Amino acid sequence: MSYLREALSPRVGEFIQLRRDIHAHPELAFEEHRTAALLAAKLSDWGYTVERGVGGTGVVGTLVRGRSTRRLGLRADMDALPIQEESGVAWASQHPGLMHACGHDGHTAMLLAAAHTLATDASFDGTLHLIFQPAEEGGGGALRMMADGLFDRYPCDAVFAMHNMPGVPQGHLVLREGAAMASSDYATITLTGVGGHGAMPQHAADPVVAAASLVMALQTVVSRNVDPLQAAVVTVGALNAGKANNVIPATATLELSVCALDRDVRSLLEGRIKALAQSQAHSFGLHADVAWRSGYAVLVNDAAQTALAREVALALVGADKVTLQGPPLTGSEDFAFMLERVPGSYVLIGTGDALDQRLGGGGCMVHHPGYDFNDDNIAVGSAFWVSLVRRFLGA
Ligand SMILES: [Zn+2]
Ligand SMILES: [Zn+2]
């Protein structure tokens, strides 16, 4: 554990206070003005070159040491969620209806603690870009920063990010090579028929019956079209049609969410869902309109960069606290877009293994109103970042 002690910030308590301050002042996607101002001021004080307003409220802090041309990017997300906090902690959200329920307050604090340690010693050689991203929770802040020229203005040879994970022992590091998180796509299917009297269906073209059939048919995409050894999800989360028991409505709408862990499976799902909607509607004498919205991409961790992150993790916390190849997750993460452009890896850090939402705090899954980031991870997480920088940009 000597590596851990050596990489730890001596001021870790200060960063726990900072985390709780950010937690008390959560901000939604692209509104992270206070958070961005707070961290930008600290990075400037520590000698980083800081640019604000990258892709909205994003911040990039750059520190150059020595002469190496190697460039490393580390990314943390900053946004909160529209959830009313019920954690009961003293530092709970002061903004009604908003809370840091995904631990992005902790991710920001871990990266800042590492930034402080790295600024106060000269233990690396190269260029370090710290990327503080807005709007991870569905807003696509990573894409906005990239559209604003993130990697043209701040080129990186590799990029890494870290997320806390309830249900995994506190401080354990989980790595995975290859596809690690799912793509997320959304579709609205509108079936248009002919409305009429509920007792005289022969004069109508009923979209309710067609919608019911389509919901069942859509379940065959995963069971019959996708390779059984691949993962996929097709969920019809909303089905809306009609208002009265004796009226056949003219339209029915289905809202879908679709996940895949493979780029080919992702396009297969889109193709089959569109084809089924059209053919089912046609068979009932209706018209189908499919509005497809592409969400986050499949997150794919680079093999070489994941191997490097594994080495760093093993040296830092020891083999009993490292999962070398964790399972993939069906959640989504917009760091996937950065990994499509620059090789890198997405690392999970365990929040605590007692996953019981009645316990509150670390016992809650992220996005639960009782959730709170585990502050013990600020030491481990920031030490991982410091070690990774020293390894990647070895002096
Ligand atoms: Zn989240
Ligand atoms: Zn998150």
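Here the structure is a predicted model, which means the values were calculated and not measured.

### Points about the sheet that holds strand E10 (residues 232-241)
Part 1: The four strands lie next to each other as E10-E12-E8-E13, forming an open sheet whose pairing is antiparallel. At either end of the open sheet lies a strand with only one pairing partner, and these are E10 and strand E13 (287-294). For this sheet the average axis-to-axis angle between neighbouring strands, irrespective of direction, equals 20°.
Part 2: Of the pairings in the sheet, the one linking strand E8 (residues 183-192) to E13 comprises eight bridges and is antiparallel in character. The partner of Thr188 across the bridge, within E13, is Ala291.
Part 3: Across the sheet, helix H7 (residues 207-225) lies against E8, E10 and strand E12 (251-260), angled at about 175° from E10, the strand it touches most.
Part 4: Helix H8 (residues 263-283) rests against E8, E10, E12 and E13 of the sheet, and its axis sits at about 160° to E13.

### Quick look at the coordination of the zinc ion (ligand 2)
Part 1: Surrounding the zinc ion (ligand 2) are the protein donor atoms Cys102 (SG), His104 (NE2) and His163 (NE2), at 2.1 to 2.3 Å.
Part 2: Read N to C, the donor residues that coordinate the zinc ion (ligand 2) are spaced as C-x1-H-x58-H.
Part 3: For the pair the zinc ion (ligand 2) and the zinc ion (ligand 1), the metal-to-metal distance amounts to 3.1 Å, and Cys102 bridges them.
Part 4: By relative accessible area, which is 7% here, Cys102 ends up buried.

### Looking at the packing of aromatic side chains
The description of an aromatic ring pair uses the distance of the two centres, along with the angle that the planes make with each other.
Part 1: For the structure on display, the rule yields four aromatic pairs.
Part 2: Their ring planes at 65° and their centres at 6.0 Å tell us that Phe15 and Trp46 sit as a pair that is edge-to-face. On the criterion of sequence distance, the pair formed by Phe15 in helix H2 (residues 12-24) and Trp46 in the loop between helix H3 (33-45) and strand E1 (49-54) is long-range, its members being 31 residues apart.
Part 3: Judged by its relative accessible area of 2%, Phe15 falls in the buried class.
Part 4: Residue classification places Trp46 among the buried positions, given a relative accessible area of 18%.
Part 5: Relative to Phe337, the ring of Tyr296 lies with its centre 5.8 Å away and its plane at 85°, an arrangement referred to as edge-to-face. Pair noted here: Tyr296 is in the loop between E13 and strand E14 (299-301) and Phe337 is in helix H10 (residues 335-341), with a separation of 41 residues, a long-range link.
Part 6: Against the face of Phe392 rests Arg70, its NZ or CZ located 3.9 Å from the ring centre.
Part 7: Between the NZ or CZ atom of Arg144 and the centre of the ring of Phe30, over which it lies, the distance is 4.2 Å.

### Let's talk about the coordination of the zinc ion (ligand 1)
Part 1: For the zinc ion (ligand 1), the full set of protein donor atoms is Cys102 (SG), Glu137 (OE), Glu137 (OE) and His367 (NE2), at a range of 2.0 to 2.7 Å.
Part 2: Because the angles between the four donor atoms bound to the zinc ion (ligand 1) fall within 52 to 149°, the donor set is best described as irregular.
Part 3: All donor residues of the zinc ion (ligand 1) come from one chain, and their arrangement in sequence is C-x34-E-x229-H.
Part 4: Residue Glu137 is classed as partly exposed on the basis of its relative accessible area of 23%.

### Quick notes on helix H4 (residues 104-120)
Part 1: The terminal C-alpha atoms of H4, which comprises 17 residues, lie 25 Å apart, in line with the 24 Å expected from a rise of 1.5 Å per residue.
Part 2: Most of H4 is tucked away, with 16 of its 17 residues classed as buried.

### Describing the packing of helix H9 (residues 303-317) against helix H11 (residues 376-392)
Part 1: Look at H9 against H11: their axes get within 9 Å of each other, and the N-to-C directions meet at 125°. It follows that H9 is oblique to H11 by the angle criterion. Between H9 and H11 lies a crossing of right-handed hand. Residues Gln305, Leu308, Ala309, Glu311, Val312, Ala313, Leu316 and Val317 of H9 pack against Val380, Ala383, Phe384, Ser387, Leu388, Arg391 and Phe392 of H11.
Part 2: For the contact of H9 with H11, the class distribution of residues is 11 nonpolar, two polar and two charged.

### Some words on the nonpolar core
One broad rule of soluble globular proteins: the nonpolar side chains tend to lie buried together.
Part 1: Counting residues in each nonpolar core, the largest one holds 63 residues, and the members touching the most others are Tyr48, Leu74, Leu128, Phe132 and Phe384.
Part 2: Not counting chain neighbours up to four residues away, the residues in contact with Tyr48 comprise Leu43, Gly61, Thr62, Leu63, Ala115, Leu118, Ala119, Leu128 and Leu130.

### Observations concerning unusual backbone geometry
A negative phi angle characterises most non-glycine residues, just as the trans form characterises most peptide bonds.
Part 1: Although it is not a glycine, Ala135 sits at a positive phi angle of roughly 55°.
Part 2: Following the sequence through the fold, Ala135 ends up in the loop between strand E4 (126-133) and helix H5 (141-147).
Part 3: The phi dihedral of His367 falls on the positive side, at around 75°, and the residue is not glycine.
Part 4: Turning to its location among the elements, His367 is positioned in the loop between strand E16 (344-352) and H11.

Each value, and the rule that gives it
Residues numbered from 1 in each chain as written. Chains lettered and ligands numbered in written order. Predicted model: local features only at pLDDT ≥ 70, side-chain atom pairs only at ≥ 80, totals over all residues. Heavy atoms only, no water. Pairing = 2+ DSSP bridges. Helix = DSSP H or I, 4+ residues; strand = E, 2+ residues; numbered from the N terminus. Axes fitted to C-alpha atoms, helices over the stretch in contact; angles between N-to-C directions. Contact = heavy atoms within 4.5 Å. Donors = N, O, S within 2.8 Å, 3.2 Å for Na, K, Ca; no water. Buried < 20%, exposed > 50% of the residue type's maximum accessible area, 1.4 Å probe, protein only. Phe/Tyr/Trp six-rings, centres within 6.5 Å; stacked < 30°, edge-to-face > 60°. Lys NZ or Arg CZ within 6 Å of the ring centre and 35° of its normal. Tetrahedral: all angles 85-135°; square planar, octahedral: opposite > 155°, others 65-115°. Expected span 1.5 Å × (residues − 1). Parallel < 35°, antiparallel > 145°, perpendicular 65-115°, else oblique. Left-handed = near helix turned anticlockwise from the far one by under 90°. Nonpolar A, V, L, I, M, F, W, Y, C, P; charged D, E, K, R; others polar. Core = buried A, V, L, I, M, F, W, Y, C linked by side-chain atoms within 4.5 Å.

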